[in-house]
Amino acid sequence: MPPSSSVVDSAPAPAGPSASALVRAIRGERTDRLPVWFMRQAGRSLPEYRELRVGTHMLDACLTPELAAEITLQPVRRHGVDAGIFFSDIVVPLRLAGIAVEIEPGRGPVFTDPVRTASDVAKIVAVDPEQVAAAAQPIRDAVRIVVGELGDLPLIGFAGAPFTLAAYLVEGGPSKEHLRARAMMHADPESWHALAGWLARVSHAFLRAQTDAGASAVQLFDSWAGSLSVADYRAFVAPHSRAALAGIDTPRIHFGVGTAHLLRDMRLDGTADAVGVDWRTPLDEAAAVLGPDITVQGNIDPALLHAPWHVVEAHVRDVIARGASARAHILNLGHGVPPDTDPDVLTRIVALAHEVSA
Ligand code: CP3
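Calculation notes
- Residues numbered from 1 in each chain as written.
- Predicted model: local features only at pLDDT ≥ 70, side-chain atom pairs only at ≥ 80, totals over all residues.
- Heavy atoms only, no water.
- Helix = DSSP H or I, 4+ residues; strand = E, 2+ residues; numbered from the N terminus.
- Buried < 20%, exposed > 50% of the residue type's maximum accessible area, 1.4 Å probe, protein only.
- Contact = heavy atoms within 4.5 Å.
- Areas by Shrake-Rupley, 256 points an atom, 1.4 Å probe, with all protein chains shown as cover.
- Lys, Arg positive; Asp, Glu negative; His and termini not counted.
- Charge placed at Lys NZ, Arg CZ, Asp CG, Glu CD.
- Pairing = 2+ DSSP bridges.
- Near = heavy atom within 4 Å.
- Polar contact = N/O pair within 3.5 Å; in protein donor to acceptor, adjacent residues only side chain to side chain.
- 1 Å grid on protein atoms, 1.4 Å probe; cavity = no way out; pocket = protein on both sides within 12 Å on 5 of 7 lines; lining within 4 Å.
- Sits in = over half its atoms within 2 Å of the grid points.
- Expected span 1.5 Å × (residues − 1).
- Core = buried A, V, L, I, M, F, W, Y, C linked by side-chain atoms within 4.5 Å.
- Points joined across faces, edges and corners; volume = space filled by probe spheres on them.
- Nonpolar A, V, L, I, M, F, W, Y, C, P; charged D, E, K, R; others polar.
- Salt bridge = Lys/Arg side-chain N within 4 Å of Asp/Glu carboxyl O.
- Axes fitted to C-alpha atoms, helices over the stretch in contact; angles between N-to-C directions.
- Parallel < 35°, antiparallel > 145°, perpendicular 65-115°, else oblique.
- Phe/Tyr/Trp six-rings, centres within 6.5 Å; stacked < 30°, edge-to-face > 60°.

Peer 1: Would you mind showing me how to read the overall build of the protein chain here?
Peer 2: Counting its secondary structure elements, the protein chain contains 16 helices and nine strands. Principal axes of the C-alpha set define a box for the protein chain whose edges measure 70 × 50 × 40 Å. Taken across its 358 residues, the protein chain has 56% of its residues classed as buried. In the protein chain, 74% of the contacts between residues at least 6 apart in sequence involve partners at least 24 apart. With an accessible surface of roughly 14500 Å², the protein chain has 53% of that area assigned to carbon and sulfur atoms. Distance between charge centroids for the protein chain: 2 Å, based on 31 positive and 41 negative side chains.

Written as structure tokens, this is what we have:
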């Protein structure tokens, strides 16, 4: 070692997930490799997933550590993506809190007892969110298995944002416009804030379980936030989403669908490091609105996954070119992988992204 070089200069480049392209991009660095992963990369688009899930209910699969770990790893092996996303569901922490919920195939989360009245809310918020942390051992066990297998690749943990969870819980199941949750905000703001505040603590505990066990980044899914006006988002939703993410000490991504009008607010005053954009807003326009202090994620149109390859390729190249105007870009879809997607198309997109950025 020449005497002039310091220990720092000659230290080997840091390895491990915190030096990965994904984590650095969320933090705002432009890396020589464009990181790419897909929302819902684990799941029904993969034959190996469908085979493994035979005979096991969705939420039971989520709470069986070896199974959840294996399902998380399947798309990483197959596609060569730059991150795993933990296989679980936004309603898992509610199940851990003792709430009766099932996931109906082809439909989504269904609750035995919808939370609609002030007394329903009072009953549910009496459950201590710490109970979620205590019951989350299968989550921590699964995350540890995955992190051990991933090596230098990062695992993304996730949770549902309070509004998207409430959209299911107040309705009792999936809905198009989330009318009951949005009505509660105005009809009984006190109950709404009690419920959303509780959901924020529950999702926070779920994120904590994943980061404590080794997840290197997190994403908060507010999939249905696009149904809100800007005024309602600011008054009734953003403070609770911020609380769900506050104090999580990994880089943080915040995602919603149909949120062009909410993008600036979705930065959550700096609590989010990256914002996920759906396919409706070109990334250069999103970056102009979001400003220079935040990373963008997205925004391949999931519908185009069914188009001929030359169409997909042109679209992906356009997304990458537009993403170049943000401080950093994570390539992803604008929403989840549709279940009938040919997985080979996803593998080709990963290869293309890495080739373009090399
Ligand atoms: O690969 C990944 O992205 C990780 C796993 C993941 C799942 N759900 C697995 C899952 C993640 C991140 C979620 C989050 C989730 N769950 C969201 C937010 C993301 C989004 O898509 O907007 C929402 C809204 C839910 C609620 C939910 N759970 C829905 C709407 C459904 C689909 C119902 C259906 O059958 O179409 C689920 C079930 C679910 N969650 C599946 C998977 C793989 C399908 C279950 C199956 O295989 O039968």
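Let us keep going from here.
Peer 1: Would you explain the pairing of strand S3 (residues 108-111) in this entry?
Peer 2: In the case of a regular strand, side chains alternate between the two sheet surfaces. Across four bridges, the pairing between strand S2 (residues 101-104) and S3 is antiparallel. Counterpart to Glu102 in the pairing with S3 is Val110. From the end of S2 to the start of S3, which pair antiparallel, there are three residues, and Gly106 there has a positive phi angle of about 80°.

Peer 1: Which parts of the structure should I look at to understand the site of the ligand?
Peer 2: Lining the immediate surroundings of the ligand are 27 residues, of which Arg40, Tyr49, Gly106, Ser223 and His335 lie closest. One of the side-chain nitrogen or oxygen atoms of Ser223 is found 2.4 Å away from an oxygen atom of the ligand. Contact with the protein chains hides 92% of the accessible area of the ligand, taken as 860 Å² for the molecule alone. Judged by its atoms lying within 2 Å of the grid points, the ligand is housed in the largest pocket.

Peer 1: Mind showing me how you'd approach helix H12 (residues 189-212) here?
Peer 2: In an α-helix, one turn spans 3.6 residues, which is why side chains three or four residues apart end up on the same side. With 24 residues, H12 should cover 34 Å at 1.5 Å per step; its first-to-last C-alpha distance of 34 Å lies within 8% of that length. Burial of H12 is extensive: 17 of the 24 residues sit out of reach of the surface.

Peer 1: I would appreciate a short explanation of the nonpolar core in the present structure.
Peer 2: One broad trend across soluble globular proteins is that nonpolar side chains are buried collectively. Membership of the largest hydrophobic core comes to 121 residues, with the highest contact counts inside it found for Trp192, Leu195 and Leu331. The element contributing the most residues to this core is H12, with 11 residues. Setting aside its immediate chain neighbours within four residues, Leu331 contacts Leu34, Pro35, Val36, Trp37, Gly298, Ile300, Val316, Val319, Ile320, Ile349 and Ala353.

Peer 1: How should empty space enclosed by the protein be read in this particular structure?
Peer 2: Empty space among the atoms becomes visible once a probe the size of a water molecule is rolled across them. The tally for this structure, following the rule as stated, stands at one cavity of 30 Å³ or more. Forming the boundary of the largest cavity are Pro17, Val147, Leu150, Gly151, Leu153, Pro154, Leu155, Gly214 and Ser216. When the residues that make up the lining of the largest cavity are grouped by side-chain class, the tally is six nonpolar, three polar and no charged.

Peer 1: What is the right way to look at the pattern of salt bridges in this model?
Peer 2: Side chains that differ in sign of charge can pair as their charged atoms come close. One pass over the structure, following the stated rule, counts 16 salt bridges. One salt bridge in this structure joins Asp269 and Arg242, with 3.1 Å as the shortest N-O distance. In this pair, Asp269 is assigned in the loop between strand S6 (252-256) and strand S7 (274-276) and Arg242 in helix H13 (residues 230-245), connecting sequence segments 27 residues apart. Asp318 is the partner of Arg322 in a salt bridge, and the nearest nitrogen-oxygen pair spans 3.0 Å. Taken together, the positions of Arg322 and Asp318, both in helix H15 (residues 309-323) and four residues apart, correspond to about one turn of that helix. Residue classification places Asp318 among the partly exposed positions, given a relative accessible area of 35%.

Peer 1: Looking at this structure, I do not really get the packing of helix H10 (residues 162-171) against helix H11 (residues 179-187). What am I missing?
Peer 2: Think of two packed helices as two axes; the pair is described by the angle between the axes and how far apart they sit. The N-to-C vectors of H10 and H11 enclose an angle of 105°; their axes lie 7 Å apart at closest approach. With respect to H11, the element H10 is oriented roughly perpendicular. Between H10 and H11, the residues in contact are Phe163, Ala166, Ala167, Val170 and Glu171 and Leu179, Arg180, Ala181, Arg182, Met184 and Met185, respectively. Of the residues in the contact of H10 with H11, the class split is eight nonpolar, no polar and three charged.

Peer 1: Sorry if this is basic, but what is going on with the environment of Ile156 here?
Peer 2: Mapping Ile156 onto the fold places it in strand S4 (residues 155-160). Note: C-alpha distance between Ile156 and Phe87 (69 residues apart in sequence) is 9.7 Å. Among all residues touching Ile156, those that are not within four sequence positions of it are Leu22, Trp37, Ala83, Gly84, Ile85, Phe86, Ala217, Val218 and Gln219.

Peer 1: How should I be thinking about the layout of surface pockets in this particular structure?
Peer 2: Its boundaries defined by the atoms lining it, the largest pocket holds a volume of some 1500 Å³. Elements represented by at least two residues in the lining of the largest pocket include exactly helix H3 (47-53), S2, S3 and H10. Examining the composition of the lining of the largest pocket, we find that three residues originate from one element, H3, more than from any other. For the lining of the largest pocket, the residue count by class is 23 nonpolar, 16 polar and nine charged. The computed volume of the second largest pocket comes to approximately 250 Å³. Around the second largest pocket, the lining residues are Ala97, Gly98, Ile99, Ala100, Asp113, Pro114, Val115, Asp120, Lys123, Ile124 and Val127. Its residues assigned to classes, the lining of the second largest pocket comprises seven nonpolar, one polar and three charged.

Peer 1: It is not clear to me how the packing of aromatic side chains should be interpreted in this structure. Could you clarify?
Peer 2: The tally for this structure, following the rule as stated, stands at five aromatic pairs. Here the aromatic rings of Phe163 and Trp192 are separated by 6.4 Å at their centres, their planes lie at 55°, and the arrangement is tilted. One end of the pair, Phe163, is in helix H10; the other, Trp192, is in helix H12, with 29 residues separating them in the sequence. Just as Phe163 is buried, Trp192 falls in that class too. Relative to Phe255, the ring of Phe221 has its centre 5.8 Å away and its plane inclined at 75°; by these criteria the two rings are edge-to-face. Linking Phe221 in strand S5 (residues 217-222) with Phe255 in strand S6, this pair joins segments that are 34 residues apart in sequence. In this structure, Phe221 and Phe255 share a single accessibility class: buried. Clustering of aromatic rings is evident, with ring pairs tying together Phe158, Phe206, Phe221 and Phe255.

Function cannot be inferred from these measures alone, as they are strictly geometric.
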